[in-house]
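Take a look at the letters that make up each chain.
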Amino acid sequence: MGEIEHDDLWPYAIASQRTGDLSVFALEVHDSQEFLGVLEMLTARGAEVTHAQLLA
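## Concerning the pairing of strand β1 (residues 13-19)
In step 1: Judged from the six bridges that link them, β1 and strand β2 (residues 22-27) form a sheet pairing that is antiparallel. Across the sheet, Ser16 pairs through a bridge with Phe25, a residue of β2.
In step 2: The hairpin formed by β1 and β2 contains two residues between the paired strands, and Gly20 there has a positive phi angle of roughly 60°.

## Section: the nonpolar core
In step 1: Counting five residues, the largest nonpolar core consists of Ile4, Leu9, Ala13, Val38 and Leu42.
In step 2: Residues contacting Leu42, with those up to four places away along its chain left out, are Ile4, Leu9, Ala47 and Val49.

## A look at unusual backbone geometry
A negative phi holds for most residues other than glycine; trans holds for most peptide bonds.
In step 1: Of note, the amide linkage connecting Trp10 to Pro11 takes the cis form, showing an omega dihedral of 5°.
In step 2: Inspection of the secondary structure puts Pro11 in the segment before β1.

## Considerations on the pattern of salt bridges
In step 1: Applying the stated criterion across every chain, the model contains three salt bridges.
In step 2: The salt bridge partner of Glu3 is Arg18, with a shortest N-O separation of 3.1 Å. Of the two residues, Glu3 sits in the segment before β1 while Arg18 sits in strand β1, which places them 15 residues apart along the sequence.
In step 3: With a closest N to O distance of 3.5 Å, Asp8 and Arg45 form a salt bridge. Of this pair, Asp8 sits in the segment before β1 while Arg45 sits in the segment after α1 (32-44); the two residues are 37 residues apart in sequence, bridging distant segments of the chain.

Conventions and cut-offs
Residues numbered from 1 in each chain as written. Predicted model: local features only at pLDDT ≥ 70, side-chain atom pairs only at ≥ 80, totals over all residues. Heavy atoms only, no water. Pairing = 2+ DSSP bridges. Helix = DSSP H or I, 4+ residues; strand = E, 2+ residues; numbered from the N terminus. Core = buried A, V, L, I, M, F, W, Y, C linked by side-chain atoms within 4.5 Å. Buried < 20%, exposed > 50% of the residue type's maximum accessible area, 1.4 Å probe, protein only. Contact = heavy atoms within 4.5 Å. Salt bridge = Lys/Arg side-chain N within 4 Å of Asp/Glu carboxyl O.

This is the structure:
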């Protein structure tokens, strides 16, 4: 699995930061279906999602 870049998460990524092996992305989705789709894509690419925060 390759590294995930900011552009891989278009149009959802609004910010990203990489420190060593850790990547942090701020994403904006409009509903739970988009949220689940992004999570599925991340896990399919081998990412380990350790934290998600939903803001209403």
